[in-house]
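Residues per chain are reported as follows:
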Amino acid sequence: MHSVAEEITSKGGKALPVQVDVRDEKSIETMIEQTVSQFGGIDVLVNNAGAIRLSSAENTPIKRFDLMHQVNTRAALTSSLCALPYLEKSDSAHILNLSPPINLSPKWFKDYTPYTITKYGMSMQTLGLAEEFRPKNIAVNSLWPRTSIATAAVEFEAGGKELFNVSRTPAIMADAAYAIITSETDFTGNHCIDEDILREKGITEFDHYAVVPGTTDFFTDLYIDQ
């Protein structure tokens, strides 16, 4: 967290690293208060925190499900509501949930129902809050990768380091997120896929996002039908 903040400031930006327990409403409120105090307001909230366990219901301890629910579904809603008073004051307010398109094919449930429930909970928030906050001029969208992204979650939960070789870097998600949050606020209620939203913005070259240069056959991410 601090190294990212240093990288931002080294490039001329401003950053405020704050350690937050997203399961705790007071911790979120403190983060919001510190952010507003330093920057004067909030224009964008990205609900990126996540907990993952790709196991069946039978093999997922309820405590682990509780953790995924608290970090994924509950934290996204809590953060959105805590930021709401400040987003209402923005001329270009966006909430972006890192959550998948809602694909009701049973194959996305049978092997990891508990995780799927918590991520789809975020995606349903996107649909509901987009309509609820539309009169407030606050856009709410979701973003999900078409291919696997080389992150710690992939390394430790979804396939190991060998999956990195057929993954893209997080930069594609960052660029896609930027494309969404710089859109007009009438772009709302969408479940966006990183590659698709970038193509809509006129970007057609994706080779530089490959972890291994020259890779063309990537691993398709969860909830995306090939």
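The structure presented is a predicted model; accordingly, all values stated were derived computationally and were not measured. (Residues numbered from 1 in each chain as written. Predicted model: local features only at pLDDT ≥ 70, side-chain atom pairs only at ≥ 80, totals over all residues. Heavy atoms only, no water.)

Moving on to the packing of helix 2 (residues 25–39) against helix 3 (residues 62–87). With their axes 10 Å apart at the nearest point, helix 2 and helix 3 run at an angle of 35 degrees to one another. The two elements helix 2 and helix 3 meet at a crossing, and its hand is right-handed. Facing Glu25, Ile28, Glu29, Ile32 and Val36 of helix 2, the residues of helix 3 in contact are Ala75, Thr78, Ser79, Cys82, Ala83 and Tyr86. Residue composition of the contact of helix 2 with helix 3, by class: seven nonpolar, two polar and two charged. (Axes fitted to C-alpha atoms, helices over the stretch in contact; angles between N-to-C directions. Helix = DSSP H or I, 4+ residues; strand = E, 2+ residues; numbered from the N terminus. Left-handed = near helix turned anticlockwise from the far one by under 90°. Contact = heavy atoms within 4.5 Å. Nonpolar A, V, L, I, M, F, W, Y, C, P; charged D, E, K, R; others polar.)

In this section: the sheet that holds strand 3 (residues 138–144). The strand order across the open sheet formed by four strands is 1-2-3-4, and the pairing between neighbours is parallel. Two strands bound the open sheet, and with one partner strand each, they are strand 1 (44–47) and strand 4 (191–193). For this sheet, the mean inter-axis angle between neighbouring strands, taken without regard to orientation, is 25 degrees. For strand 3 and strand 4, the ladder comprises three bridges, and the chain directions are parallel. Counted as the bridge partner of Trp144 is Ile193 from strand 4. (Pairing = 2+ DSSP bridges.)

Enumeration over the complete set of coordinates arrives at eight salt bridges. Where Arg134 meets Glu131, a salt bridge forms, and the shortest distance between an N and an O atom there is 2.6 Å. Taking relative accessible area as the criterion, Arg134 reaches 41% and is therefore assigned partly exposed. Ionic pairing is found between Asp196 and Arg146, a salt bridge with its closest N-O pair at 2.7 Å. Here the residue Asp196 occupies a position in helix 8 (residues 194–200), and Arg146 occupies one in the loop between strand 3 and helix 6 (152–158), the gap between them amounting to 50 residues. Classification of Asp196 as partly exposed rests on a relative accessible area of 30%. One salt-bridge network, held together by shared partners, links Arg168, Glu195 and Arg199. (Salt bridge = Lys/Arg side-chain N within 4 Å of Asp/Glu carboxyl O. Buried < 20%, exposed > 50% of the residue type's maximum accessible area, 1.4 Å probe, protein only.)

This part is about the side chain of Lys119. One can find Lys119 in helix 5 (residues 113–133). Asp221 is the oppositely charged side chain nearest to the buried, salt-bridge-free Lys119, at an N-O distance of 9.9 Å. When neighbours within four sequence positions are excluded, Lys119 is seen to be in contact with Asn72, Leu98, Ser99, Pro100 and Trp144. (Lys, Arg positive; Asp, Glu negative; His and termini not counted.)

Time to look at the packing of helix 3 against helix 5. Two quantities define a packed helix pair, namely the angle between the axes and the distance from one axis to the other. Relative to each other, helix 3 and helix 5 sit at 15 degrees, their axes nearing to 8 Å. Classified by the interaxial angle, the pair formed by helix 3 and helix 5 is roughly parallel. The crossing of helix 3 and helix 5 is right-handed. Residues Phe65, Met68, His69, Asn72, Thr73, Ala76, Leu77, Ser80, Leu81 and Leu84 of helix 3 pack against Pro114, Tyr115, Ile117, Thr118, Lys119, Gly121, Met122, Gln125, Leu129 and Phe133 of helix 5. Here the residues of the contact of helix 3 with helix 5 sort into twelve nonpolar, seven polar and one charged. (Parallel < 35°, antiparallel > 145°, perpendicular 65-115°, else oblique.)

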